[in-house]
Amino acid sequence: CVSVLVCGCLWCWFYFYFQEVLPVLAAKHCMMQATAELRQSALANQKKKFGEEIARLQHATELVKTAASRYDEYVNVKDLSDKINRALTAAKKDNDFIYHDRVPEVKDLEPIGKASLVKATAVQTPLSQKFSDLFEKMVPMAVQQSVSAANSRKADTVNRLIGSMREATNLCNGVLASLNLPAALEDLSGEAVPQSILEKSRAVVQQGGLQSIEQLIKDLPELLQRNREILDESFKMLDDEEATDNELRAKFNQRWNRTPSGDLYKPLRAEGNNFRSVLDKAVQADQVVKERYTAHCEMIALLCKPENELSAAIPSANPAKTLQGSEVVNVLRAQLAQLDEVKREREVLEGEVKSVTFDMTTKFLTALAQDGAINEEALTASELETRYGSHTQRVQQNLRRQEELLSQIQVSHQEFSALKQSNSEANNREEVLKKLASAHDSYIEISSNIKEGTKFYNDLTEILLKFQNKCSDIVFARKTERDELLKYSLTVGNSLIFLFLFQTQQQPQAKPQPPARPPPPNITPQAASTSAPISTPVPPGSTNPPPVAPPTGPSQAQGPPYPTYQGYPGYYQMPVTYNPYAYGQFNMPYMPYQAQGQAGYPGGPPAQQPYPYPQQPPQQQPYYPQQ
């Protein structure tokens, strides 16, 4: 059938192609070729080739006539034919009266060439400036692992250099704040606010002052609570699914043969506990920042006030005009200037260390090709020494230079303190200036720490959302698997119940007793003697039926020895194959009744001698009383 269908489809397609498609294509071909000849004749006219013009127009006329005669029902060529005829008439007229150019044969005309509509340009690669080869970074697994290890060593080196420089900067600021420098050199008058304190005040106000820090501190608990809720929700999904799995495992026992949820969720719980410990450490860090803010809150608020309020809040002291222009003050100022230069050099160094970039992929590929193995540690150490060796030396020189300057500044400050007048007002003023300088440094550090904490919580939120999605996916997969197992278990349970009920119904039940055998008919001895001979009683223990005397009357089909009993209404004799009662259960032989010359019931045993009822002795009263 399939082959017949395919053949029929192919025949229909070929018929449609040759009867409909092919004529249309041929007509289009003629029309397009005629149009091309018309265009080429106009070009020949421009080149003063009038004979070629006429030849091409004549050829176009023939093509149009062919299309009109063969394919008129598919295309309409009237407009094209009129245009070609008008052009041909005009060309012949001009050639006959003016040019007298020879008209060549069609076969002698040059074929119409291809027109160059656009200028071909070479393809340049890459096609875009933002192009990046997707397979450029595909390297062997050993190279990829070595590159990851090299990047880790590079990050450690950069963090070590930058960390040492930042620690040196914090140490320098702390020492200067404890010495009240450079505010002590600027406060020789004892009345005006030192210029360094004013600059620190403006810097704090520009960064938002107390309001910005208080807002950031206020946002931290919300960010922390959001992360905790995401983490708690993730654990709740795992706990609920695990509890459900344990209940079903206890219910179905061995039939619940999937992996326990407790074993499956161990990696996720370990990862979640790691996140929880990170959050606990973050809470401790937040508490440290808050305590530091509380300790310097008063002085930071003082720095945020206008200059006149700041000046009024700073205690005044007796003028120390004798120290102005002294050698100790000049030395301290020169040393502080050198220390500022060291700080600026350190900032430049930090930027240079961060900007160093290199790629070890080429070297690792070369080593793998040459040696068959990669000594990542040696190659990376050599490259790091080449890239960061000079920076490391400059950082160490910078740190040594700072240590020398700090020791010199401390000695000079002792001399400066000894020259100053020692009174309570001066001490109080110097103490307030120290607190203001320390408050500025604490503000910068607290603001940086809180911003880092905010960024940490926001980044952790994205990570926890991914963790939550991972938990949700695996819980959904486990629920789907659980539903499938439940459906299977219910199906098996229903099958077992059905099988039990079926076997119960198939068990033998007590069958109803067959109806009692009807009594023999009441017949007089005379009728019995005339209708049939008297049968000889069967002696006990004999299995053969008694002999029957030959008939004395005319030969005819003999019926049963007694008239057939139709039975009581509602009961009919049935074939053996359909008899619902088993006579063997009542220990009574069953022999189907069959009249002489009558066919047996279908499916019954072979016809035998009729089962005789017990006969009454002749010339006696009936067995049953007569009505």
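Model, not experiment: these values are computed from the prediction.

### Let's talk about the side chain of Glu241
If you trace the backbone, Glu241 turns up in helix H7 (residues 209-252). Sequence-distant contacts of Glu241, that is, excluding residues within four places in its chain, are made with Arg258, Ser261, Tyr265, Val475 and Arg478.

### Some remarks on the pattern of salt bridges
For side chains of opposite charge, pairing can occur when their charged atoms come near one another. Overall, the coordinates contain 24 salt bridges when judged by the stated rule. A salt bridge links Asp240 to Lys236; its shortest N-O distance comes to 3.0 Å. Of the two residues, Asp240 and Lys236 are both situated in helix H7; the distance of four residues between them amounts to about one turn of the helix. Note on Lys236: relative accessible area 47%, which makes it partly exposed.

### A short note on empty space enclosed by the protein
Counted according to the given criterion, the structure contains three cavities of 30 Å³ or more. Roughly 50 Å³ of internal volume is contained in the second largest cavity. What lines the second largest cavity is simply Val147, Ala150, Asn151, Phe358, Asp359 and Met360. Across the lining of the second largest cavity, the residue classes break down as four nonpolar, one polar and one charged.

### Side note on the packing of helix H4 (residues 141-179) against helix H11 (residues 327-355)
Between H4 and H11, the least distance of the axes is 10 Å, while the angle of their chain directions is 160°. As summarised for this structure, H4 and H11 are arranged roughly antiparallel, according to the angle between their axes. Here the hand of the crossing between H4 and H11 comes out left-handed. Judged by residue contacts, Val158, Leu161, Ile162, Met165, Arg166, Ala168, Thr169, Cys172, Asn173 and Leu176 of H4 engage Leu336, Leu339, Lys343, Arg346, Leu349, Glu350, Val353 and Lys354 from H11.

### Concerning the nonpolar core
Judged by nonpolar contacts, the single largest core of 43 residues is most densely connected at Ile197, Leu310, Leu436 and Ile450. Of all the secondary-structure elements, those providing two or more residues to this core are helix H6 (195-206), H7, helix H9 (266-303) and helix H14 (424-506). Here this core takes 13 residues from H14, the largest share from any one element. Residues contacting Ile197, with those up to four places away along its chain left out, are Ala183, Leu303, Leu310, Leu433, Leu436 and Ala437. Ranked by size, the runner-up nonpolar core spans 18 residues in total, among them Ala27, Ile54, Val75 and Leu80.

### Looking at unusual backbone geometry
Phi angles above zero are rare outside glycine, and Lys48 is one such case at about 65°. Within the secondary structure layout, Lys48 lies in the loop between helix H1 (2-46) and helix H2 (50-70). You can call Lys48 exposed: its relative accessible area is 60%.

### Topic: H11
Helical geometry note: an α-helix holds 3.6 residues per turn, so side chains three or four residues apart project in the same direction. Compared with the 42 Å implied by 1.5 Å per residue over 29 residues, the 43 Å span of H11 between its first and last C-alpha is a close match. All of the buried residues along H11 are Val328, Val329, Leu332, Gln335, Leu336, Leu339, Val342, Lys343, Arg346, Leu349, Glu350 and Val353.

### A look at the packing of aromatic side chains
On inspection of all chains with the given rule, the structure shows four aromatic pairs. Pairing Phe275 with Phe467 gives two aromatic rings, centres 5.6 Å apart and planes at 75°, and the pair type is edge-to-face. A residue pair is termed long-range when its members are at least 10 positions apart, and Phe275 in helix H9 and Phe467 in helix H14 qualify at 192 residues. Residue Phe275 shares its accessibility class with Phe467, and that shared class is buried.

### A short note on H6
In a regular helix each residue adds 1.5 Å, so twelve residues correspond to 16 Å; H6 covers 17 Å between its end C-alpha atoms and thus fits that length. Residues of H6 that are buried include every one of Ser196, Ile197, Leu198, Lys200, Ser201 and Val204, and no others. One or two positions beyond H6, positive phi appears at Gly208, with a value near 110°.

### Let's talk about a nonpolar patch on the surface
A contiguous nonpolar patch, built from Phe97, Ile98 and Tyr99 and spanning about 370 Å² of accessible area, is present on the exposed surface. Its place among the elements puts Phe97 in helix H3 (residues 78-99).

### Description of the confidence of the model for the chain
Confidence in the prediction of the chain, expressed as mean pLDDT, is 75, and 71% of residues score 70 or more. For residues 524-627, every residue scores under 50 in pLDDT, and the model assigns this stretch 58 contacts once sequence neighbours within four places are set aside.

About the cut-offs
- Residues numbered from 1 in each chain as written.
- Predicted model: local features only at pLDDT ≥ 70, side-chain atom pairs only at ≥ 80, totals over all residues.
- Heavy atoms only, no water.
- Helix = DSSP H or I, 4+ residues; strand = E, 2+ residues; numbered from the N terminus.
- Contact = heavy atoms within 4.5 Å.
- Salt bridge = Lys/Arg side-chain N within 4 Å of Asp/Glu carboxyl O.
- Buried < 20%, exposed > 50% of the residue type's maximum accessible area, 1.4 Å probe, protein only.
- 1 Å grid on protein atoms, 1.4 Å probe; cavity = no way out; pocket = protein on both sides within 12 Å on 5 of 7 lines; lining within 4 Å.
- Points joined across faces, edges and corners; volume = space filled by probe spheres on them.
- Nonpolar A, V, L, I, M, F, W, Y, C, P; charged D, E, K, R; others polar.
- Axes fitted to C-alpha atoms, helices over the stretch in contact; angles between N-to-C directions.
- Parallel < 35°, antiparallel > 145°, perpendicular 65-115°, else oblique.
- Left-handed = near helix turned anticlockwise from the far one by under 90°.
- Core = buried A, V, L, I, M, F, W, Y, C linked by side-chain atoms within 4.5 Å.
- Expected span 1.5 Å × (residues − 1).
- Phe/Tyr/Trp six-rings, centres within 6.5 Å; stacked < 30°, edge-to-face > 60°.
- Patch = residues over 30% accessible without salt bridge, like charges linked within 9 Å, V, L, I, M, F, W, Y side chains within 5 Å.
- Areas by Shrake-Rupley, 256 points an atom, 1.4 Å probe, with all protein chains shown as cover.
- pLDDT = per-residue confidence, 0-100.

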